[in-house]
Structure formats: structure tokens, C-alpha cells
Amino acid sequence: GEGRSILFDVRRVTRRFGGLTAVNEISLNVSAGECVSVIGPNGAGKSTLFNLLAGTDRPDDGIVRFVGEDVTGYTPDEFARRGVARTFQHGRVFGNLSVLDNVLIGAHSRLAIARHGLPLIGAIVEVFRALVPGAALRDEDERLRDEAKHVLARFGTRLLPRIDAPAHSLSYANRRRVEIARALMLHPRILLLDEPTAGMNESETAEMQEFMLELKRGGLTILLIEHKLDLVMRLSDRVIVLDDGKKIVSGLPEEVRNNPLVIEAYLGH
Ligand code: ADP
Ligand code: MG
């Protein structure tokens, strides 16, 4: 049969902070359409690993390939332009900007590709803009706003009534949703979610699980850090377990759940 294309191909990446090896020779790959979860106790190196896969931090050793290209040590913008979108463990929104503007920011890297990647078309658009002041920009603006509203509508009525509110006025759970909406505006090839349900109650968690399942059904590739194991079991095609910077186990969800090393890592801390 036809093999699924590999998006991330990560070989023995290492990140040290002084004497601490936060990520220790971790290898993994993620194919298009998969949901792969990274689990492990606090301090295992999960968020640090994400940082290495999204350009927020650089590995001291090892190689990160994305769709065959060596992207080791690239900047967040360079990762974003290749379709790697991520959210942060503690949520990052621009508090003074409106919900809508926070989501619109996600389109920035995508538009940068369109402008720089297609110089001829970009030049034509620029000439058109010069001849018809404001018109082209207004159209693009309008189109992006409509798209951002569509993305926000995927969260039902959680965010739509609040699109003009400053992000700081939202609940914690809603700020996390805004961050995901912003990531989706990139049209990502892969979405990295760092504990998307942290701080959410049971019903909010169930809602987020349904949302992620919906993304997966739509074909989106997801790399997920998550503590709630029931959710991990339902959502993941494969699970990778980190402990003390190392990958200790990986496999199918049910294999991982019953692995003695995993039980030990969770209960031992
Ligand atoms: P996890 O996300 O699995 O809880 P982290 O990746 O956040 O773990 O952290 C792994 C280890 O690296 C922890 O011991 C943490 O204190 C340390 N660490 C993370 N970031 C830094 C940093 N910028 N400077 C120093 N130590 C760090
Ligand atoms: Mg973390």
C-alpha cells in the first residue's frame, strides 16, 4: 500500500540546561493524519521537546526534519511558514487585543508565504493596490475576518459573542480556545497542543476532546501533550512516554497504558 508521508522525523535531539539534560537523545516521527501524544510526569521534558519542534528553542544535538527538510534550529517564524502551529502550556494571548485580532494574527505567517513565495503574483498585487488604493487590502481584510469568524464558530457560542472583547477579559478556558483558533488560522500541516485541557473542568475537557476528535476526522495531524490519560487513550494513534528527558516507552495507546515502566514512572513521582 501507499505509505503515509512523514511530517516530523526527529533524530536523537538533546537539550541541556546547565547540568540538566531536559531532553535526552529523543527520536520520534509523526506521519500525516496521525494523532501522537506525548505523556510523562512533570519535568519529563515534554514542553522542552515541543519548543525544539517549533523553533522556540534549539537542540544542542540531534536533527529535526520536517517533510524531508533539515529544519534544526530554525526560528518560530520559519517553522510557522512550513505549517507547524503550536499552543503554549500556559496559554499565550495578547490581552489588550480583541479576540478577533488575536485569531487574525495566526494568518500572518501564511500571508508572508504568499507574498514572498510568489514574487510575481505579489508584485502584481502590489501594482493593483497602488492603482486602486485601499480596495484590494479591504477585500483581503474582509476575507480574513470572515475566515477568523468561521474558525471561532467551531467553538460554538463560546467565543462568537465575544469577538470584540479584549482577550484578557475572557475566562482561562476561553483564552486557551482563542490560542487554538489562532493556530488553526495558519492552515497548519501539524498542530502541536501543549496541555490544551489544563485548568479545564470535566465538561470543558469533554468538549475539548470532541473538538480535537473533529480536527482529527478532518485530517489534521496532531502532536499532543496531555495529562488526562482517558483523553489520550481515546484520541491517540500512538503514545510516547517521556521520563527524566528520555523516551522510555512508545506504542499503541493500550500497550503503553499497560506497560510496567509507565505505571512506575507515574506512580514513582
Ligand atoms: P514538562 O513539560 O514535561 O513538565 P519541561 O520540558 O517543562 O517538562 O521541563 C523539563 C526540565 O527542564 C525541568 O526540569 C525544567 O525545570 C527544565 N527546564 C525547562 N526549561 C528550562 C529553562 N529555560 N532553563 C532551565 N531549565 C529548564
Ligand atoms: Mg510542560
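Residues numbered from 1 in each chain as written. Chains lettered and ligands numbered in written order. Predicted model: local features only at pLDDT ≥ 70, side-chain atom pairs only at ≥ 80, totals over all residues.

Describing the overall build of the protein chain
Along its length, the protein chain carries 11 helices and 10 strands. The buried share among the 269 residues of the protein chain stands at 37%. Summarising the internal contacts of the protein chain: among those between residues at least 6 apart in sequence, 66% fall at separations of at least 24. (Helix = DSSP H or I, 4+ residues; strand = E, 2+ residues; numbered from the N terminus. Buried ≥ 20, exposed ≤ 12 C-beta atoms within 10 Å, placed from the backbone. Contact = placed C-beta atoms within 7 Å.)

Here we look at the confidence of the model for the protein chain
For any part of a model where pLDDT is low, the fine detail of the predicted coordinates should not be relied upon. Confidence in the prediction for the protein chain averages 91 pLDDT; 88% of positions are at 70 or higher. Model confidence for the complex: the whole-complex pTM is 0.90, and ipTM, which rates the interface, is 0.99. (pLDDT = per-residue confidence, 0-100.)

A look at the pairing of strand β4 (residues 61–66)
Two elements, strand β1 (residues 6–17) and β4, share five bridges in a ladder whose sense is antiparallel. Among the inter-strand pairings, Asp9 is bridged to a residue of β4, identified as Arg65. In this sheet, strand β5 (residues 69–70) lies alongside β4 in antiparallel orientation, the contact comprising two bridges. Of the residues in β5, the one forming a bridge with Arg65 is Asp70. Here β4 folds back onto β5, and the loop between the two strands holds two residues, one of which, Val67, carries a positive phi near 50°. (Pairing = 2+ DSSP bridges.)

With respect to unusual backbone geometry
Trans peptide bonds make up most of the peptide bonds, and negative phi angles are found at most residues other than glycine. Backbone geometry places Val67, a non-glycine residue, at a positive phi of 50°. Examined against the element boundaries, Val67 turns out to sit in the loop between β4 and β5. Residue classification places Val67 among the partly exposed residues on the basis of 15 C-beta atoms within 10 Å. Even without a glycine there, the phi angle at Asp244 is positive, about 55°. Mapped onto the elements of the fold, Asp244 is located in the loop between β9 (238–243) and β10 (246–251).

Examining the pairing of strand β3 (residues 35–39)
Counting buried residues in β3 gives five out of five residues, a clear majority hidden from the surface. Where β3 meets strand β8 (residues 221–225), four bridges bridge the pair, whose relative direction is parallel. Residue pairing across strands places Val38 opposite Ile225, the latter belonging to β8. In terms of strand pairing, β3 meets β9 through four bridges, oriented parallel. Paired with Val38 across the strands is Ile240, a residue of β9.

Some thoughts on the nonpolar core
By size, the foremost hydrophobic cluster in this structure holds 64 residues, and its most contacted members are Leu53, Val103, Met185 and Leu192. Sequence-distant contacts of Met185, that is, excluding residues within four places in its chain, are made with Val103, Leu104, Gly106, Ala107, Ala148 and Val151. (Core = buried A, V, L, I, M, F, W, Y, C linked by C-beta atoms within 7 Å.)

Things to note about the sheet that holds β4
As summarised here, the arrangement of the four strands in space is β2-β1-β4-β5, forming an open sheet in which the pairing is antiparallel. Each edge of the sheet is formed by a strand with only one pairing partner; in this case those strands are β2 (20–31) and β5.

Section: the environment of Val256
Checked against the element boundaries, Val256 lands in helix α10 (residues 253–257). For Val256, a count of 23 C-beta atoms within 10 Å gives the class buried. Other than its neighbours up to four places away in sequence, Val256 contacts Val239, Val241, Val249, Gly251 and Val262.

Topic: the site of ligand 1
Neighbouring residues of ligand 1: Phe17, Leu20, Ala22, Gly40, Asn42, Gly43, Ala44, Gly45, Lys46, Ser47 and Thr48. Elements that contribute at least two residues to the shell around ligand 1 include exactly β2 and α1 (46–54). It is α1 that contributes the most residues to the shell around ligand 1, three residues altogether. Taken together, the residues of the shell around ligand 1 break down into four nonpolar, six polar and one charged. (Near = placed C-beta within 6 Å. Nonpolar A, V, L, I, M, F, W, Y, C, P; charged D, E, K, R; others polar.)

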